[in-house]
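The residues making up each chain are set out below.
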Amino acid sequence: MKLKLLALVAVLLIGTAFAVPSALTEGSTLHQLLAPTAGQEPVRLARGDDSLRQELRRDAAPQWDEDGAGDSASGGDRIAEAQAGDRVPSTAAEIKLSFAPLVKNTAPAVVNVYAARKVAARRSPFADDPFFGQFFGNRFDNPPRMEQSLGSGVVVDPSGLVITNNHVVEGADEVKVAFADGREFDTTVVSKDATVDLAVLKIDGDGPFPTIPIADSDDLQTGDLVLAIGNPFGIGQTVTNGIVSALARNHVGVNDFGFFIQTDAAINPGNSGGALIDMSGSLVGVNSAIYSRSGGSNGIGFAIPSNMVATFVRAAENGGRYERPFIGADFAPVTADIAEALGLDRPSGALVRSVYPDGPAAKAGLKVGDVVLKADGKEIATPDALNYRFATLGIGQNVDLAVLSADETEDLTLPLEQAPETPPRDERTIDGRNPFAGATVDNLSPRVAGEFQLPQDSTGVVVAKVAPRSHAARFGLQPGDIVLEVNGESVDSTKSLVAIAAEDYRGWQFDIERGGRRLTQVVR
C-alpha cells in the first residue's frame, strides 16, 4: 500500500514539473500574477555591490567610501524617489529607506509649549470669621496655586511666530516654549480663537528661528505617508509615523471647526499643537485631538489642515484677530430624500436654508432652496466643507460657486465680507440686586452672533460674560444665552435690559434661549 502511495506522489510531482513552465508562458494569467516576483531571485547586498544596487533601483547608486558610509545627502533623495511615482517600496533597498533625514530637517522647528495659569484656592469657611481671625489672622486665606498644561507648537516664521492649539494656552497667565536643543523662551499670545482651536504665539527672543514651510493641504490624499512630531505626556520630543486615514472629517466634537485630517500616526496628550508633516518636510496639519476611551492613542487622531493654519497665521501677521467671513446665509446638509427630490445622483452639497437680507449671499443671487455643489472648482459634500472653503479664503476674497437652482446649474460669484455690527454692540455690565447682576451683555448683530456661533439672523441681547460668584452666575446664566423676556417685558436692547433690571421687583421671571431651546427661570 505504501509503495502505491509513493508511486502516485511521484507521478503528481512529475506532472507539476511539466505543467508549471507551460502555465508561466508570457501573457498567461499565472505569469501576470507572479511576474513581480518570479523574475527576481533573493539577493544579499554587501558593501561594494554598487552595480547590483544600480540594477535593483534602476537608478544611480550611492557611492560608497572605504568606511562603507553612503553620501548623507542621498537619504532625502531616496525618499523623494520612492514617493515620486506614488508607489510602494518594491525592492529591498527601498524598504530600508529611513525618515531620519526628514526628521533632522523638521524637528528643530517643533517646540514644547508650557502654559501656566493661576487658579484660586478654595476658601476656608472660617476665613471671614472675626472670632477665628483674632487668633489665626489670615492663615485661612490660601494663596492661589499655579496649574500647568503641556502641549506642542510649530515655528512657522523665522521671526518667532509659533502656531499651536487654543486649548493649550486658553486662560494661561504665562506661556513658554522650549526647543529640542534646550533653549527656552517666554512668549506673547498674539491671536487665539476657540472656534477653530488655533493660537499664534510670538517668541520673546532674537531670531532667526528654524521653521517648517506650510504646504497646501488640498494636495493631500488618503493613504499619503505623514509624520507626527510633538511632546506626548511631557516626556520630550517624539516622532511617530502613519498615513492619512481620511480627509474632511466633521462632527469630531472638538470645536466648531468641521474639516479635519484623520491620521493613524500615534497622537497622545501633549501632542496638541504639534506638527503633522508630509514626505517633503512641509506642514500639512496641526495635531489637535484623538478619539480614545483610555486617554491614549487608538490610531484615530485629528489634525487641522494647513490651509486653515495659513489663513489664521496671515491674520495674526497683519495685526488682527481671525474672523470668519460673513456669508449672509445658513446651510443644511442634503439628505438622501432631498437629493432624490432634486434629481441629484447622490446626497451631496449644501442646501441654502435661509438668506440674510442685503447680505453677500443675497447680493450674489443665492436663494432659499438652492444647493451649492462646488466652490472654486472643489466639490462640496457637506455644509462644513463649504464653510471650510470660505474660512480658508478669508475676508476680502471672492469665491466662485456652482449652484443648482430650479433644476438648472448656474455659476455665481460670492464676495466674502466682514460681518456688519448693526445694531451697535453697546456693551453694558449690569449691577444691583437682580438675577442679571454681574453679567455683561451685548446687542446682537451678525458680527456678534458669529462670535458666539449663533444664527446670523439672531436679534435681541446676548450674555457676553458672567462674573464668578455673581448673581448671574448663581442663577445659571452663561455666555451665549439670549435674553428674550423679563417679567413679561420683551428685551430688544442692552439699554432696555438695564432699565428693567433697575426696577424693584419682588420676584423675577425671565426667558432665555440656549442652544435653540427656550428656558424659563423663576426667582422669588
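Throughout what follows, the structure given in this document is the object of discussion. (Residues numbered from 1 in each chain as written. Predicted model: local features only at pLDDT ≥ 70, side-chain atom pairs only at ≥ 80, totals over all residues. Heavy atoms only, no water.)

Attention shifts here to the sheet that holds strand S8 (residues 238–249). The strand order S7-S8-S9-S12-S11-S10 describes a closed barrel built from six strands, whose pairing is antiparallel. Averaged over all adjacent pairs, the angle separating strand axes in this sheet is 45°, with direction ignored. With three bridges connecting them, strand S9 (residues 260–263) and strand S12 (residues 301–305) associate as antiparallel partners. Bridge pairing links Ile261 to Ala303 in S12. Contacting strand S11 (283–290) and S12, helix H9 (residues 306–317) crosses the sheet at an angle of about 45° to S12. (Pairing = 2+ DSSP bridges. Helix = DSSP H or I, 4+ residues; strand = E, 2+ residues; numbered from the N terminus. Axes fitted to C-alpha atoms, helices over the stretch in contact; angles between N-to-C directions. Contact = heavy atoms within 4.5 Å.)

This next bit is on the nonpolar core. If you look at the biggest cluster of nonpolar residues, it comprises 68 residues, and the most contacted ones within it are Ile163, Phe331, Leu366, Leu386, Phe390, Leu401 and Leu414. Counting residues per element, this core draws most heavily on H9, which supplies six residues. Once you skip the residues sitting within four places of it in the chain, Leu414 turns out to touch Ile327, Pro360, Ala361, Ala364, Phe390, Gln397, Asn398, Val399 and Leu401. (Core = buried A, V, L, I, M, F, W, Y, C linked by side-chain atoms within 4.5 Å. Buried < 20%, exposed > 50% of the residue type's maximum accessible area, 1.4 Å probe, protein only.)

Here strand S13 (residues 329–333) runs beside strand S14 (residues 350–355); their pairing, made up of five bridges, is antiparallel. When the bridges of S14 are listed, Ala329 appears paired with Val355. Here S14 runs beside strand S15 (residues 371–375); their pairing, made up of two bridges, is antiparallel. In the sheet register, Leu351 faces S15, and the bridge partner there is Val371.

Moving on to the packing of H9 against helix H12 (residues 383–393). Where H9 meets H12, the axes come as close as 8 Å, and the angle between the chain directions of the two elements is 35°. Classified by chirality, the crossing of H12 by H9 is left-handed. Contacts between H9 and H12 involve Asn307, Met308, Thr311 and Arg314 from the former and Tyr388, Ala391 and Thr392 from the latter. Partitioned by chemical class, the residues of the contact of H9 with H12 number three nonpolar, three polar and one charged. (Left-handed = near helix turned anticlockwise from the far one by under 90°. Nonpolar A, V, L, I, M, F, W, Y, C, P; charged D, E, K, R; others polar.)

Comment: phi is negative for the bulk of residues other than glycine, and the bulk of peptide bonds are trans. Here the residue pair Thr422 and Pro423 is connected by a cis peptide bond, since its omega of 5° sits within 30 degrees of zero. As for its position among the elements, Pro423 is in the loop between strand S18 (408–415) and strand S19 (428–429). Here Phe233, not a glycine, exhibits a phi torsion of approximately 55°, which is positive. Look at Arg469: it is not a glycine, yet its phi comes out positive at around 60°. By the secondary structure assignment, Arg469 is in the loop between strand S21 (461–466) and helix H14 (471–474). Arg469 sits in the exposed class, given a relative accessible area of 73%.

Our next topic: H9. If you check H9, its first and last C-alpha atoms are 16 Å apart, about what 12 residues at 1.5 Å a residue would give, namely 16 Å. Of all 12 residues making up H9, 10 are buried, and the element is well covered by its neighbours. Considered for burial, the residues of H9 that qualify are Ser306, Asn307, Met308, Val309, Ala310, Thr311, Phe312, Val313, Ala315 and Ala316. Directly beyond the C-terminal end of H9, a positive phi value near 85° is found at Gly319. (Expected span 1.5 Å × (residues − 1).)

Bear in mind that shape data such as this cannot, by itself, settle questions of function.
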